[in-house]
Amino acid sequence: MAERMLQFVSLPQAQPEKRAVEERRQDFGEIYRAFSVERAEVQASRCSQCGVPFCSVHCPLGNNIPDWLKLTAENRLEEAYEVSAATNTFPEICGRICPQDRLCEGNCVIQKGFSSVTIGAVEKFITETAFENGWVKPSLPSSEREESIGVVGAGPAGLAAAERLRALGYQVHVYDRHDRVGGLMVYGIPSFKLEKHVLDRRHRLMEEQGVVFHLSTPIGAGAGETALDTLRARHDAVFVATGVYKTREVKLPGSGLSGIVQALDFLTASNRRGYHEAPGDDAVLHAGGKNVVVIGGGDTAMDCVRTSIRQGAKSVTCLYRRDRANMPGSMQEVKNAEEEGVRFTWLAAPEAFLGDGAVAGVRAHRMRLSLPDATGRQSVEPMPESAFTVEAELVVEALGFEPEDLPALWDAPDLDVTKWGTLKVAPGRFQTSLPGVFAGGDIVRGASLVVWAIRDGRDAAAEIHDHLTAKAGVEREMAE
């Protein structure tokens, strides 16, 4: 049915319908409505089926995107799901929160003049259709293995590794400090991008598969924590996928004022309210009725500004020291935020926080971009005599995340780290300096995308399997 493809010359690109701005500002539901079968087929038919699919090349998972687009266009949806799930452990998540404009869709061959294929929305449609029809089954092992594996961290890297290892027959135990599965996906990403039932559903599926979860179980050397040495003794291998949770702070005059909070604290409190829990210090961590300033330009900053709108902020301003073209966050997220009423102040950096006990404003100065350096990156410099003040009763610092000091927290001085504080592994591998301890995801590569964490988890699972298989072979030879 080749005639069903290459329709980009006659059919325009279309994204799923957005809910009206006034409607979506009032709740935390996902803002995009689901594709109908007909619209999904039409958008999938725009694919050019090119010989070298740049969409797949630029997908960290190497998803076979043209294949499942063709199957969708031909209404072979169960087969489309099978192809999608073969390379992606959580396609329903990637379809929602991957920055497709920077990855697959941003590198679509037909993009110039015709607009890219709508890949993310079709991926979400395929997987949701599969769940609705009961096609999604736990990957049960064909035989059981005696070896036990401990996974530290129930974020995307840890979950992806756990799912693959359990499918191979290992006894897999996942440990996480939080009370829910998902890592930053559950408490760091708002529901208007990823509704939490999506994570709960995947949690149940992995339990059906036989993965054992130990939640509210922090790893460390303190009272009430489980020691890393205990895990190493309990399991044949350990995979560390803790992510990066240490927030970067702005060290400026007035930083100690009340009302200046970290992005993760703000987002966690908001997500806990979605679970009908009362977070600590609720008044400080709520934007209702306040003038809010968010500092930063990444996707976390976009999550904070859009959360503030939904909490009923009086005004929301995003300060970013570069211009719109140099923002690290998704341009689609910037557009959504602007539609919802967020004001962006480009080329502006804070220099002090103002107030008496509680923050009342942010004094900032204008910035300008200099000539590009050897890497093409433009540095920024302040413009003289350009100070201005933005009123603010709540300031959210969203400047990214750094790794925690795991060797100190875990009393594991032999656990080597890089100069950036991430866990050190061999290039292209996942083995740490401790025998039998592997690591992947953000704790190795630094703050990155969920899709890269999934890739690391799947690849680490393969390496752990090879390691334990080789170890078992050696032990059999020695026994003989």
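Residues numbered from 1 in each chain as written. Predicted model: local features only at pLDDT ≥ 70, side-chain atom pairs only at ≥ 80, totals over all residues. Heavy atoms only, no water.

**Details of the state of the cysteines**
Step number 1: In total, this model carries zero disulfides according to the counting rule given.
Step number 2: Here C98 is not cross-linked by a disulfide; its sulfur's nearest cysteine counterpart is in C94, at 4.0 Å. (Disulfide = S-S within 2.5 Å.)

**Some points on the pairing of strand β2 (residues 171-175)**
Step number 1: Looking at chain direction, strand β1 (residues 148-152) and β2 are connected through five bridges and run parallel. From the neighbouring strand, V152 faces β2, where its bridge partner is Y175.
Step number 2: With respect to chirality, the unit in which β1 leads through helix α9 (residues 156-167) into the neighbouring parallel β2 is right-handed.
Step number 3: For β2 and strand β3 (residues 212-214), the ladder comprises three bridges, and the chain directions are parallel. When the sheet's bridge partners are listed, Y175 is paired in β3 with H214. (Pairing = 2+ DSSP bridges. Helix = DSSP H or I, 4+ residues; strand = E, 2+ residues; numbered from the N terminus. Right-handed = clockwise from strand over helix to strand, strands pointing away.)

**A word on the packing of helix α2 (residues 37-44) against helix α4 (residues 65-73)**
Step number 1: At a closest axis distance of 8 Å, the pairing of α2 and α4 adopts a crossing angle of 135°. As the angle between them shows, α2 and α4 are arranged oblique. Note on packing geometry: the crossing formed by α2 with α4 is left-handed. Counting all contacts with α2, which are made through A40, E41 and A44, the residues of α4 involved are L69, T72 and A73. (Axes fitted to C-alpha atoms, helices over the stretch in contact; angles between N-to-C directions. Parallel < 35°, antiparallel > 145°, perpendicular 65-115°, else oblique. Left-handed = near helix turned anticlockwise from the far one by under 90°. Contact = heavy atoms within 4.5 Å.)

**A look at the layout of surface pockets**
Step number 1: The volume enclosed by the second largest pocket comes to roughly 280 Å³.
Step number 2: Taken together, 19 residues make up the lining of the second largest pocket; nearest its centre are Y81, A85, K137, S139 and E163.
Step number 3: Of the residues assigned to the lining of the second largest pocket, the class counts are nine nonpolar, four polar and six charged. (1 Å grid on protein atoms, 1.4 Å probe; cavity = no way out; pocket = protein on both sides within 12 Å on 5 of 7 lines; lining within 4 Å. Points joined across faces, edges and corners; volume = space filled by probe spheres on them. Nonpolar A, V, L, I, M, F, W, Y, C, P; charged D, E, K, R; others polar.)

**So, the sheet that holds strand β9 (residues 343-345)**
Step number 1: Strand order in the open sheet formed by five strands is β6-β13-β7-β8-β9, and the pairing between neighbours is parallel. Whereas interior strands pair on both sides, the edge strands pair on one side only; in this sheet they are β6 (260-262) and β9. Averaged over neighbouring strand pairs, the angle between their axes works out to 25° when direction is ignored.
Step number 2: Pairing between strand β8 (residues 315-319) and β9: three bridges, direction parallel. Looking at β9, one finds that T317 is bridged to R343.

**Quick look at unusual backbone geometry**
Among all residues except glycine, the phi angle is most often negative; among peptide bonds, the trans geometry is most common.
Step number 1: The phi dihedral of Q49 falls on the positive side, at around 55°, and the residue is not glycine.
Step number 2: Assignment of secondary structure puts Q49 in the loop between α2 and α3 (54-57).
Step number 3: A positive phi angle, close to 55°, is found at S216, a residue other than glycine.
Step number 4: Relative to the assigned elements, S216 resides in the loop between β3 and α12 (228-234).

**Some points on empty space enclosed by the protein**
Step number 1: Across all of its chains, the model carries three cavities of 30 Å³ or more by this definition.
Step number 2: The space that makes up the largest cavity amounts to roughly 110 Å³.
Step number 3: In terms of lining residues, the largest cavity is bounded by 13 residues, among which C59, N63, C98, C104 and E123 are the most central.
Step number 4: In this structure, the second largest cavity spans a volume of roughly 80 Å³.
Step number 5: Forming the boundary of the second largest cavity are 14 residues, of which C47, C50, C55, C108 and V109 lie nearest the centre.
Step number 6: Elements with a contribution of two residues or more to the lining of the second largest cavity: α3 and α4.
Step number 7: Partitioned by chemical class, the residues of the lining of the second largest cavity number eleven nonpolar, three polar and no charged.

**Re the nonpolar core**
Step number 1: Among the nonpolar cores identified, the biggest contains 45 residues, and I93, I149, V172, V174, L194, F239 and I464 are the most heavily contacted of them.
Step number 2: Mapped onto this core, the elements with two or more residues apiece are α6 (91-97), β1, α9, β2, α10 (184-187), α11 (197-209), β4 (237-240) and α18 (450-479).
Step number 3: At eight residues, the largest contribution of residues to this core is made by α18.
Step number 4: Each residue touching I149, except ones within four places of it in the same chain, is listed here: L165, Y170, Q171, V172, H173, H235, A237, I464 and L468.
Step number 5: If you look at the next biggest cluster of nonpolar residues, it comprises 28 residues, including I65, A130, F131 and L205. (Core = buried A, V, L, I, M, F, W, Y, C linked by side-chain atoms within 4.5 Å. Buried < 20%, exposed > 50% of the residue type's maximum accessible area, 1.4 Å probe, protein only.)

**Overview of the side chain of R24**
Step number 1: By secondary structure assignment, the location of R24 is in helix α1 (residues 21-24).
Step number 2: In this structure R24 comes out as buried when scored by relative accessible area, which is 1%.
Step number 3: A distance of 2.6 Å separates the side chain of R24 from the side chain of E339, its partner in a polar contact.
Step number 4: The residues contacting R24, other than those within four sequence positions of it, are K18, R19, I31, R310, N336, E339 and E340. (Polar contact = N/O pair within 3.5 Å; in protein donor to acceptor, adjacent residues only side chain to side chain.)

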